[in-house]
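Residue-level listing of the chains:
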Amino acid sequence: MNNPKISPKGTNITGYYRECEEGNCHRLIPCPHVRCQEHRTDMAIKDWNVPHIEP
């Protein structure tokens, strides 16, 4: 994806992206997610996948 829209810090805008909140991970993930699939902690829904864009 070329030039994805980046959500300003502290906002949650549908259709925009933000960096994964996990340490040094710079993957871009769609709002409202806060962590990429590899770093997500809400494992209650096992078949739910968080898409991402590699930097």
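Scroll up to find the structure this text is about.
### Digging into the overall build of the protein
Piece 1. Helix and strand counts for the protein come out as 0 helices and 2 strands.
Piece 2. Classification of the 55 residues of the protein by burial places 29% in the buried group.
Piece 3. Restricting the contact set of the protein to residue pairs at least 6 apart, pairs at least 24 apart contribute 15%.
Piece 4. For the protein, the accessible surface area stands at approximately 4,200 Å², while carbon and sulfur atoms represent 51% of it.

### Some details on the side chain of His33
Piece 1. Relative to the helices and strands, His33 resides in the segment after strand E2 (28–30).
Piece 2. The contacts of His33, once residues within four sequence positions are left out, are Arg18, Trp48 and Val50.

### A short note on unusual backbone geometry
The phi torsion of most residues other than glycine is negative, and most of the peptide bonds are trans.
Piece 1. In the segment running from Cys31 into Pro32, the intervening peptide bond is cis, with an omega of 15°.
Piece 2. Tracing the backbone shows Pro32 in the segment after E2.

### Brief notes about the environment of Val34
Piece 1. Secondary-structure assignment places Val34 in the segment after E2.
Piece 2. A C-alpha to C-alpha distance of 7.5 Å links Val34 and Arg18, two positions 16 residues apart in sequence.
Piece 3. Ignoring sequence-local partners within four residues, the contact set of Val34 consists of Arg18, Glu19, Cys20, Glu21 and Ile29.

### With respect to the nonpolar core
Piece 1. Counting 5 residues, the largest nonpolar core is built from Cys20, Cys25, Ile29, Cys36 and Val50.
Piece 2. Discounting chain neighbours no more than four positions away, the residues touching Cys36 are Cys20, Cys25, Arg27, Ile29 and Val50.

### Considering the pattern of salt bridges
Piece 1. Counted under the stated rule, the structure contains 3 salt bridges.
Piece 2. Arg35 serves as the salt-bridge partner of Glu22, at 3.5 Å between the closest nitrogen and oxygen. Here Arg35 lies in the segment after E2 and Glu22 lies in the loop between strand E1 (17–19) and E2, a separation of 13 residues in the sequence.
Piece 3. A residue is classified by how much of its surface remains accessible, and Arg35, at 25% relative accessible area, is partly exposed.
Piece 4. Glu38 is paired through a salt bridge with Arg27; the nearest N and O atoms lie 3.0 Å apart. With Glu38 in the segment after E2 and Arg27 in the loop between E1 and E2, the pair connects residues that are 11 residues apart, well separated along the chain.
Piece 5. On the basis of relative accessibility, which here comes to 56%, the residue Glu38 falls in the exposed class.
Piece 6. Given the relative accessible area of 16%, Arg27 is considered buried.
Piece 7. Overlapping salt bridges, with partners in common, bring together Arg27, Glu38 and Glu54 in one network.

Here is what the cut-offs are and how they apply
- Residues numbered from 1 in each chain as written.
- Predicted model: local features only at pLDDT ≥ 70, side-chain atom pairs only at ≥ 80, totals over all residues.
- Heavy atoms only, no water.
- Helix = DSSP H or I, 4+ residues; strand = E, 2+ residues; numbered from the N terminus.
- Buried < 20%, exposed > 50% of the residue type's maximum accessible area, 1.4 Å probe, protein only.
- Contact = heavy atoms within 4.5 Å.
- Areas by Shrake-Rupley, 256 points an atom, 1.4 Å probe, with all protein chains shown as cover.
- Core = buried A, V, L, I, M, F, W, Y, C linked by side-chain atoms within 4.5 Å.
- Salt bridge = Lys/Arg side-chain N within 4 Å of Asp/Glu carboxyl O.

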